[in-house]
Amino acid sequence: MKKVKQFSQIFLVLILLTSCRSSINNDDLKINPEGNINENTNSEKKRMEIKFSCGEDKISEYLNNGWIILKEVAQEKICTWKSVPATKDCDMEKDKGCKITKPDKIGEEKIYLLEK
């Protein structure tokens, strides 16, 4: 019985060791003997998403740097909040429970998808 248990443990260890394979693919490891590196950074396109909110719009800086607008989405956004008393006799300094927070200024958020 001891030999069967020992044999099953050895067998389990062998299975675990042989099931682990190297993640290196030999096809990807091509060595260039001349040492030349070909970089095609011009053919690769870079994309970026930027957001501007509440009247802040600095998209011209990106356009001047060579970025092109692929998509533009505008949506309403609350820029600032203000606290108001819930009732006329509410003292917001003494009773924090009667304070209501509501939107003060509503602006626009623009989301740009850029490509270079």
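Predicted, not measured: the structure shown is a model, and the values here were computed from it.

About the criteria used
- The residue count restarts for each chain, going from 1 along the sequence in the order it is written.
- Note on the predicted model: pLDDT of at least 70 is required for a residue's local features to be given, and 80 or more for side-chain atom pairs to be given and counted; whole-chain, interface and lining totals, by contrast, use all residues.
- Excluded from the side-chain calculation are hydrogens and water; included are all heavy atoms of the structure.
- Put simply, a salt bridge is a Lys or Arg side-chain nitrogen that is within 4 Å of an Asp or Glu carboxyl oxygen.
- Each helix corresponds to a stretch of at least 4 residues labelled H or I by DSSP, and each strand to a stretch of at least 2 residues labelled E; elements are numbered beginning at the N terminus.
- Buried, partly exposed and exposed residues are distinguished by accessible area as a fraction of the type maximum, computed with a 1.4 Å probe on protein chains only: under 20%, between the cut-offs, and over 50%, respectively.
- Defined by distance alone, a disulfide is two cysteine sulfur atoms within 2.5 Å.
- By the convention used here, strands pair only if DSSP detects at least 2 bridges between them.
- A fitted line through C-alpha atoms serves as each axis, taken over the contacting stretch for helices, and the angle formed by two N-to-C directions is quoted from 0 to 180°.
- As a per-residue quantity, pLDDT reports the predictor's confidence and falls between 0 and 100.
- Throughout, a residue-residue contact means that at least one pair of heavy atoms, one from each residue, lies within 4.5 Å.
- Each patch groups residues whose relative accessible area exceeds 30% and which form no salt bridge, using 9 Å between like charges and 5 Å between nonpolar side chains of Val, Leu, Ile, Met, Phe, Trp and Tyr.
- Accessible areas in this description were obtained via Shrake-Rupley with a 1.4 Å probe; residue shielding takes into account the shown protein chains only.
- We treat Lys and Arg as the positive residues and Asp and Glu as the negative residues; His and chain ends play no part in the count.
- Charged groups are reduced to one reference atom each: NZ for lysine, CZ for arginine, CG for aspartic acid, CD for glutamic acid.
- The aromatic pairing rule takes the rings of Phe, Tyr and Trp, using the six-membered ring of Trp, and pairs them if the centres are within 6.5 Å, calling planes under 30 degrees apart stacked, those over 60 edge-to-face and the rest tilted.

(A) Structural context of the pattern of salt bridges. Going through the model one piece at a time under the given rule, you end up with two salt bridges. In this structure, Glu115 and Arg47 form a salt bridge, with 3.2 Å as the shortest nitrogen-oxygen distance. With Glu115 in strand E3 (residues 99-115) and Arg47 in strand E1 (residues 47-53), the pair connects residues that are 68 residues apart, well separated along the chain. Look at Arg47 and you get exposed, because its relative accessible area is 57%. A salt bridge links Glu109 to Lys77, with the nearest nitrogen and oxygen atoms 3.9 Å apart.

(B) View of the state of the cysteines. Under the definition given, this model contains two disulfides. Residue pairing for Cys54: its cysteine sulfur links by disulfide to Cys79, the two sulfurs lying 1.9 Å apart. Across the S-S bond of Cys54 and Cys79 the torsion is about -105 degrees, and the bridge reads as left-handed. Taken together, the residues span a long stretch of sequence, with Cys54 in the loop between E1 and helix H2 (59-64) and Cys79 in strand E2 (residues 68-85) at a distance of 25 residues. The partly exposed category is assigned to Cys54, whose relative accessible area is 34%.

(C) Inspection of the sheet that holds E2 at higher detail. An order of E1-E3-E2 is seen for the three strands of this open sheet, with the pairing classed as antiparallel. Both edges of this open sheet fall to E1 and E2, since each of them pairs with a single strand only. Averaged over all neighbouring strand pairs, the angle between strand axes comes to 20 degrees, with direction disregarded. Sheet topology note: the E2/E3 ladder contains 16 bridges and is antiparallel. Bridge pairing links Pro85 to Lys99 in E3.

(D) Structural detail: the confidence of the model for the protein. Counting all residues, the mean pLDDT for the protein is 78, and 76% of those residues have values of 70 or more. A low-confidence stretch, residues 23-41 (pLDDT under 50), is modelled with one contact involving residues beyond four sequence positions or located in other chains.

(E) Here's a closer look at a negative patch on the surface. The grouping of Glu56, Asp57, Glu72, Glu76 and Glu108 at the surface amounts to a negative patch. Its place among the elements puts Glu76 in strand E2. Residue class for Glu76 comes out exposed when judged on its relative accessible area of 68%.

(F) Representation of a nonpolar patch on the surface in the model. Side chains of Phe7, Phe11 and Ile15 sit close together on the surface and give an oily, nonpolar patch of about 330 Å² of accessible area. With respect to the helices and strands, the residue Phe7 is situated in helix H1 (residues 2-19).

(G) Summary view of the packing of aromatic side chains. Applying the stated criterion to the full structure yields two aromatic pairs. Centroid distance Phe52 to Tyr62: 6.5 Å. Interplanar angle 55 degrees. Geometry classified as tilted. Taken together, the residues span a long stretch of sequence, with Phe52 in strand E1 and Tyr62 in helix H2 at a distance of 10 residues. On the accessibility criterion, Phe52 (7% relative accessible area) is buried. The partly exposed category is assigned to Tyr62, whose relative accessible area is 26%.

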